[in-house]
Amino acid sequence: MDLGLEGRTAVVTGASRGIGLAVVEALVGEGARVVAAARSSSAELDQLAAAGSVRVLLVDLVEPSGPGRLVDFAGDIVDVLVNNVGSAPARTAGFTAVSDEDWAATLNLNLLPAVRTTRSALPLMLAAGRGSIVNVCSVNSKLSDPAVIDYGAAKAALASFSLALAREVGPSGVRVNTVSPGPVATALWLGGDGVAATVSRATGIKAEEVVDRAAHESVTGRFTQPSEVADLVVLLSSDRTANVTGADIRIDGGLVPTW
C-alpha cells in the first residue's frame, strides 16, 4: 500500500530508541524525509543518519527553547509531526510519595514538549494548508493506575489538548490524532531500571514474572512491539487517513475493554 509519504518532511521527537526509533525507521521505509530529535543518539539512529536517510538534532525538548530550535532545523516545511517525548516513572509508592517536583517533572516531560513543538510547527502546516500531527499518548490517559498517577494525568492532558486542537485546526487542513499504547516491549518496561525491574526489587517477584503477569492482563497475552505502534503512527500520518482527526486509537491487545 502506497501511503503517499514519499518526499514528505516528517519530524519525530524522542527518536533514538523504542517507539520513536521504530517510527523513524517506518517513515524512512515510506520514503519520507525524516528529521529526528533526541537528547542523545543511539547506534541505530546514527546508522540511519550515516546512510543519509535521517537528519538528527540532539536537543532537550524539555527546555522551552528546544522545540523552536528543532523546527528551525527542520526547515520551511513540516508535513508530519510525531510527538513521542515522554516516559513513565518506575515507582511502587503511592500518591503521597509523589512530590510537587515529581508532578512538575512529569508534566514537563509528557505534556509540554508536545505543546511547544506543535506550537512551533503549526504555522508551517497552516501556511501549507495541510499537515498531520500524531501525539503518542497512553492507555493510562483513561486506565487509571495509582503507580503512575502523575503520568496518567499528564497523558490525559495530552489527549485533551490533542482533541481540542483537532477541532480548531481541522478546517484549515491540519489533522491531530493520538495513539495510545498499552505495555510495549521497550526499555520503559524491560530495561534495568524499567517497570518490571522496579517492581521486582520492591516485591521480590522475578522481573520475568512481572512482565508475564502484565502481558496476560491483555486479551492477546503479550506486549505490543514498537514496530506495531510505528505502523499505526505512520498510517495516521498519511493521506490514507485524510478524514481521521480528533481520534485516539488504542493499541493495547485488548487491555482496555471496549464496548
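Small disclaimer: the values here were computed from a predicted structure and weren't measured.

Asker: Please clarify how the nonpolar core should be interpreted in this entry.
Answerer: Side chains of nonpolar character tend, in soluble globular proteins, to be buried together. With 31 residues, the main nonpolar core has Val 12, Val 23, Val 24, Leu 27 and Val 179 as its most contacted residues. Going through the elements one at a time, strand S1 (9–13), helix H1 (18–29), strand S2 (33–38), helix H2 (43–50), strand S4 (80–83), strand S5 (131–136) and helix H10 (226–237) are the ones with two or more residues in this core. It is H1 that provides the largest number of residues to this core, a total of seven residues. Once residues lying within four places of it in the same chain are set aside, the contact partners of Val 179 are Val 134, Asn 135, Val 136, Cys 137, Ser 138, Val 229, Leu 232, Val 233, Leu 236, Asp 248, Ile 249 and Ile 251. Judged by nonpolar contacts, the second largest core, of 21 residues, contains Leu 81, Val 85, Ile 133 and Val 169.

Asker: I would appreciate a short explanation of the packing of helix H4 (residues 100–110) against helix H6 (residues 149–169) in the present structure.
Answerer: When two helices pack together, their arrangement is captured by the angle between the axes and the distance separating the axes. Where H4 contacts H6, the two axes come as close as 9 Å, and the packing angle between them is 35 degrees. Like other packed secondary-structure pairs, H4 and H6 cross with a definite hand, here right-handed. From H4, Asp 102, Trp 103, Thr 106, Leu 107 and Asn 110 reach across to H6, where they touch Ile 149, Asp 150, Tyr 151, Ala 153, Ala 154, Lys 155 and Leu 158. Across the contact of H4 with H6, the residue classes break down as seven nonpolar, two polar and three charged.

Asker: Is there a simple way to explain the environment of Asn 243 in this structure?
Answerer: When you line up the elements, Asn 243 lands in the loop between H10 and strand S7 (248–251). A residue is classified by how much of its surface remains accessible, and Asn 243, at 77% relative accessible area, is exposed.

Asker: Any chance you could explain the side chain of Thr 241 here in plain terms?
Answerer: Tracing the sequence through the fold places Thr 241 in the loop between H10 and S7. By relative accessible area, Thr 241 is classed as buried at 10%. In this structure the side chain of Thr 241 is engaged in a polar contact, spanning 3.1 Å, whose partner is the backbone oxygen of Ser 238. Not counting residues up to four positions away in its chain, the partners in contact with Thr 241 are Arg 175, Leu 235 and Leu 236.

Asker: Mind showing me how you'd approach the pairing of strand S3 (residues 54–58) here?
Answerer: The two faces of the sheet receive side chains in turn, since in a regular strand these alternate between them. Across five bridges, S2 lies against S3 in parallel orientation. Paired with Ala 36 across the bridge in S3 is Val 56. In this fold, the crossover linking S2 to S3 by way of H2 has right-handed handedness.

Asker: I keep staring at the sheet that holds S5 and nothing clicks. Help me out?
Answerer: Sheet strands pair via backbone hydrogen bonds, and the direction of the pair is either parallel or antiparallel. Taken together, seven strands build an open sheet; the order of strands is S3-S2-S1-S4-S5-S6-S7 and the sheet is parallel. Looking at the sheet topology across the chains shown, the edges are occupied by S3 and S7. The average angle at which neighbouring strand axes cross in this sheet is 15 degrees, direction not considered. For strand S6 (residues 174–181) and S7, the ladder comprises four bridges, and the chain directions are parallel. Note on S7: the bridge partner recorded for Pro 181 is Ile 251. Strands in contact with H2 are S2 and S3; relative to S3, the strand with the most contacts, it is inclined by about 130 degrees.

Asker: Hey, could you run me through the pattern of salt bridges in this one?
Answerer: Opposite charge on two side chains makes pairing possible when the charged atoms of those side chains draw close. A complete count under the given rule lists seven salt bridges for this structure. Here Asp 79 and Arg 130 are joined by a salt bridge, their closest N and O atoms 3.3 Å apart. In this pair, Asp 79 is assigned in the loop between helix H3 (66–74) and S4 and Arg 130 in the loop between helix H5 (112–128) and S5, connecting sequence segments 51 residues apart. We classify Asp 79 as buried; its relative accessible area is 9%. Of the residues examined, Arg 130 reaches a relative accessible area of 38% and is grouped as partly exposed. Across the salt bridge formed by Arg 201 and Asp 193, the nearest N and O atoms sit 3.9 Å from each other. With relative accessibility at 56%, the residue Arg 201 sits in the exposed group. On the accessibility criterion, Asp 193 (66% relative accessible area) is exposed.

Rules behind the numbers
- Residues numbered from 1 in each chain as written.
- Predicted model: local features only at pLDDT ≥ 70, side-chain atom pairs only at ≥ 80, totals over all residues.
- Heavy atoms only, no water.
- Core = buried A, V, L, I, M, F, W, Y, C linked by side-chain atoms within 4.5 Å.
- Buried < 20%, exposed > 50% of the residue type's maximum accessible area, 1.4 Å probe, protein only.
- Helix = DSSP H or I, 4+ residues; strand = E, 2+ residues; numbered from the N terminus.
- Contact = heavy atoms within 4.5 Å.
- Axes fitted to C-alpha atoms, helices over the stretch in contact; angles between N-to-C directions.
- Left-handed = near helix turned anticlockwise from the far one by under 90°.
- Nonpolar A, V, L, I, M, F, W, Y, C, P; charged D, E, K, R; others polar.
- Polar contact = N/O pair within 3.5 Å; in protein donor to acceptor, adjacent residues only side chain to side chain.
- Pairing = 2+ DSSP bridges.
- Right-handed = clockwise from strand over helix to strand, strands pointing away.
- Salt bridge = Lys/Arg side-chain N within 4 Å of Asp/Glu carboxyl O.

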